[in-house]
Amino acid sequence: MSKNQTKYIFVFGGVLSGLGKGIVASSLGYLLKSLNLNITIQKLDPYLNVDPGTMNPFQHGEVFVLDDGSETDLDLGHYERFIDVNLSRENTTSSGRVYWDVLKRERKGDYLGETIQVIPHITDEIKRRIIKVNNRKKFDVIITEVGGTVGDIEGQPFYEAIRQLILDQGKENCLVIHTTLLPFINAAGEVKTKPTQHSVMRLREIGLEPDMLVCRTEDDNHLNSKIKKKLGLFCNVLPEHVFESPDVDSIYEIPLVLNSQKFDSYIVSALKINLKNNHTKLKYLKEAINRYKNPEKDVTIALCGKYNGLHDAYKSILEAFIHSGIKNKAKVHVKWIDSETLEKDSLEDKFLGVDGILIPGGFGNRGIEGKILASKFSRENKIPFLGICLGMQCAVIDFARHISKMNGANSTEFNKSTKYPVIDLMPKQKKVKNKGATMRLGSYKCSIKKNSFAYNAYKEISIEERHRHRYEVNDKFEKQLLKDGLSFSGKNKKLNLVEVVEVENHPWFVGVQFHPELKSRIVKVHPLFKDFIAAAIKFNEAK
Ligand code: GLN
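Description of the structure in this document. (Residues numbered from 1 in each chain as written. Predicted model: local features only at pLDDT ≥ 70, side-chain atom pairs only at ≥ 80, totals over all residues. Heavy atoms only, no water.)

### Observations concerning the sheet that holds strand S22 (residues 497-503)
As a general point, the strands of a sheet are linked pairwise by backbone hydrogen bonds and lie either parallel or antiparallel.
Item 1. As summarised here, the arrangement of the nine strands in space is S13-S12-S14-S15-S23-S22-S21-S18-S19, forming an open sheet in which the pairing is mixed. This sheet does not close on itself; its edge strands, each paired only once, are strand S13 (330-338) and strand S19 (462-469). Recorded for the sheet is a direction-independent mean angle of 25° between the axes of neighbouring strands.
Item 2. Sheet topology note: the strand S15 (residues 385-388)/strand S23 (residues 509-512) ladder contains four bridges and is parallel. If you follow Ile-388 over to S23, its bridge partner there is Val-512. (Pairing = 2+ DSSP bridges. Helix = DSSP H or I, 4+ residues; strand = E, 2+ residues; numbered from the N terminus. Axes fitted to C-alpha atoms, helices over the stretch in contact; angles between N-to-C directions.)

If you want it as structure tokens, here you go:
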């Protein structure tokens, strides 16, 4: 693109949350990137938490961690998975963060003499942050998604800041996309546009107008030209700027669905973006969706978690299953197993028909004993196993208790006075008092031993993976565990920390202290997930 002017695209949501605004933003990112544009995506979250790191996954879904250790909203995960770039703390902002920074400056005396107000101080800080993502002036387009829905009280400063920013940057350089719901009312037998009209009215009240609408529709109730015209008329947008985002089998279809409606071409022409090549490259995605829809095999993975009631709590793991399923030409089915139930029910029954067991990360001792039993079951029955963070710690506890005969071995997170604290707080963590942003967070190096499951997967001896935890394998017990056959195939040499454990004489048993799911992408499946699913397929075929 010949330019100096960066283009700004804002993605808002109306009517209700959960419409897939993040997927629309990510899909748009995918399409623009496919046109060879340099793009980034950022999220503005109106809630008052400084970041989502301290939020309960039941309320907010998973906390997504970036390389730089920022704890972010799960939408950042979608962005990275779609556009295949590593984002940074500049791509995420919450009201809490904005107020925190403004108030810190106020205390320092930076605003001496002034009355600190939402307009201009908070809005200026929001604008500063929106622009800061392009610090190095490398982006052609910045996509900014605002969390929540138009009309939320907390969101108002963000919309006001965007209104001002559009004026600053020039209307011709900015575009507002409003995502809304078009419900189909059975009794009336028709799609209703009123909720969309109302949410657009809310936007207009605050001086903003959508340039485009992306309407969520249910199967078979597609947008026709009559509804497009009506929406255009009432919402003051061109009928050809009304798009549809229907329910689909896989979120990775959305870029294709939008592209088939010429969404990307309309955006490019509305923003007058000069392209060297205006052919959107979608071959890879088309093939991936084709494989996803026509799997050659089926595998079932037991996911033994404790936040099973909200699948978003394990979003990145579920996405990594999709990526690794596509790579292995298999459909990955998830059997949700509440780890607490493993403490009382028969494991044979629970794991019936299961080809692989995954124990995800987590905090607190609820369901821990069940997770330890799940590790034992998969070890003894030679079922492929992937333990992630807490899951890896449970595998080490299982091994210590049942193979190394360290009776009552535990993590000091669950039993402070255990005789065998095989998992313990790092000395640095012992002094930590505050909960927010104080874990071992973000990307750390790990050296991989040859002749291991991990090496076979990565095919590299040095990797980097993302972390979010306080506890570690206690090096006091390493020697004994090693002697008894637990292999430490990945280590952070600088900090002398165990990163990967494996059980030998097993088809595939790997525990990792980090979170591989955070780095799996539609165009680049994570090697551990790929091999875990491959091992599960083998297990299934050998049955
Ligand atoms: N609770 C464990 C720790 O803090 C594991 C954390 C996790 O699984 N993310 O070390």
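Having seen it, we continue.
### Details of the sheet that holds strand S20 (residues 471-473)
Item 1. Pairing is mixed in the open sheet, where three strands are placed in the order S16-S17-S20. In this open sheet, the two strands that pair with only one neighbour each are strand S16 (410-411) and S20.
Item 2. Judged from the three bridges that link them, strand S17 (residues 421-425) and S20 form a sheet pairing that is antiparallel. Residue Leu-425 lies in a different strand from S20, and its bridge partner there is Tyr-471.
Item 3. Packed on one face of the sheet, helix H15 (residues 390-402) meets S16, S17 and S20 and runs near 150° to S17. (Contact = heavy atoms within 4.5 Å.)

### Re the site of the ligand
Item 1. Every residue close to the ligand is listed here: Gly-361, Gly-362, Phe-363, Cys-389, Leu-390, Gln-393, Glu-413, Arg-468, His-469, Arg-470, Tyr-471 and His-515.
Item 2. At a separation of 2.9 Å, an oxygen atom of the ligand approaches a polar backbone atom of Gly-362.
Item 3. The fraction of the free accessible surface of the ligand (300 Å²) that becomes covered by protein chains is 98%.
Item 4. Those elements giving two or more residues to the shell around the ligand turn out to be H15 and S19. (Near = heavy atom within 4 Å. Polar contact = N/O pair within 3.5 Å; in protein donor to acceptor, adjacent residues only side chain to side chain. Areas by Shrake-Rupley, 256 points an atom, 1.4 Å probe, with all protein chains shown as cover.)

### Re the side chain of Glu-517
Item 1. Positionally, Glu-517 belongs in the loop between S23 and helix H19 (527-542).
Item 2. The buried charged residue Glu-517 lacks any salt bridge partner; its closest oppositely charged side chain belongs to Arg-81, at an N-O distance of 8.6 Å.
Item 3. Beyond its immediate chain neighbours, meaning those up to four positions away, Glu-517 contacts Ser-316, Ile-317, Ala-320, Ile-388 and Phe-529. (Buried < 20%, exposed > 50% of the residue type's maximum accessible area, 1.4 Å probe, protein only. Lys, Arg positive; Asp, Glu negative; His and termini not counted. Salt bridge = Lys/Arg side-chain N within 4 Å of Asp/Glu carboxyl O.)

### So, the pattern of salt bridges
Item 1. One pass over the structure, following the stated rule, counts 41 salt bridges.
Item 2. Between Lys-43 and Asp-45 there is a salt bridge, and its shortest N-O distance comes to 3.2 Å.
Item 3. Since its relative accessible area comes to 4%, Lys-43 is described here as buried.
Item 4. The class of Asp-45 is buried, set by a relative accessible area of 5%.
Item 5. For Lys-192, the salt bridge is made with Glu-190, and the minimal N-O distance between the two is 2.8 Å.
Item 6. A relative accessible area of 30% means that Lys-192 is categorised as partly exposed.
Item 7. Members of the salt-bridge network, linked through shared partners, are Arg-97, Asp-101, Lys-104, Arg-105, Glu-125, Arg-128 and Arg-129.

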